[in-house]
Amino acid sequence: MIMKKLFRSSTDRKICGVCGGIAEYFNIDSTLVRLGVVLLSCLAFGTGVLAYIIAAIVMPEA
């Protein structure tokens, strides 16, 4: 069994590569992840921004 690891993307990045890394992990388009973060930020009182910052600190670079 091969274990996948979650990394920040070094190729698909706009700010820190968090959304690109999540998209690579789940094998989906990074635009969908970015839209999810924007929606979460708008609808949940900035939770998406806080989650992005924490993920950028915690996730290792690929």
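We now turn to the structure provided with this report. Being a predicted model, the structure only gives us computed values, none of them experimental.

Let us look at a nonpolar patch on the surface. Side chains of V49, L50, I53, I54, I57 and V58 sit close together on the surface and give an oily, nonpolar patch of about 610 Å² of accessible area. Of note, V49 is situated in helix α3 (residues 47-58).

Bringing the packing of helix α2 (residues 30-43) against α3 into the picture now. Where α2 meets α3, the closest approach of the two axes is 6 Å, and the angle between their N-to-C directions is 130°. Here α2 lies oblique to α3, going by the angle between them. For the pair α2 and α3, the contacting residues are V37, L40 and S41 in the first and T47, G48 and V49 in the second. A per-class count over the contact of α2 with α3 returns 3 nonpolar, 3 polar and no charged.

What counts and how
Residues numbered from 1 in each chain as written. Predicted model: local features only at pLDDT ≥ 70, side-chain atom pairs only at ≥ 80, totals over all residues. Heavy atoms only, no water. Patch = residues over 30% accessible without salt bridge, like charges linked within 9 Å, V, L, I, M, F, W, Y side chains within 5 Å. Areas by Shrake-Rupley, 256 points an atom, 1.4 Å probe, with all protein chains shown as cover. Salt bridge = Lys/Arg side-chain N within 4 Å of Asp/Glu carboxyl O. Helix = DSSP H or I, 4+ residues; strand = E, 2+ residues; numbered from the N terminus. Axes fitted to C-alpha atoms, helices over the stretch in contact; angles between N-to-C directions. Parallel < 35°, antiparallel > 145°, perpendicular 65-115°, else oblique. Contact = heavy atoms within 4.5 Å. Nonpolar A, V, L, I, M, F, W, Y, C, P; charged D, E, K, R; others polar.

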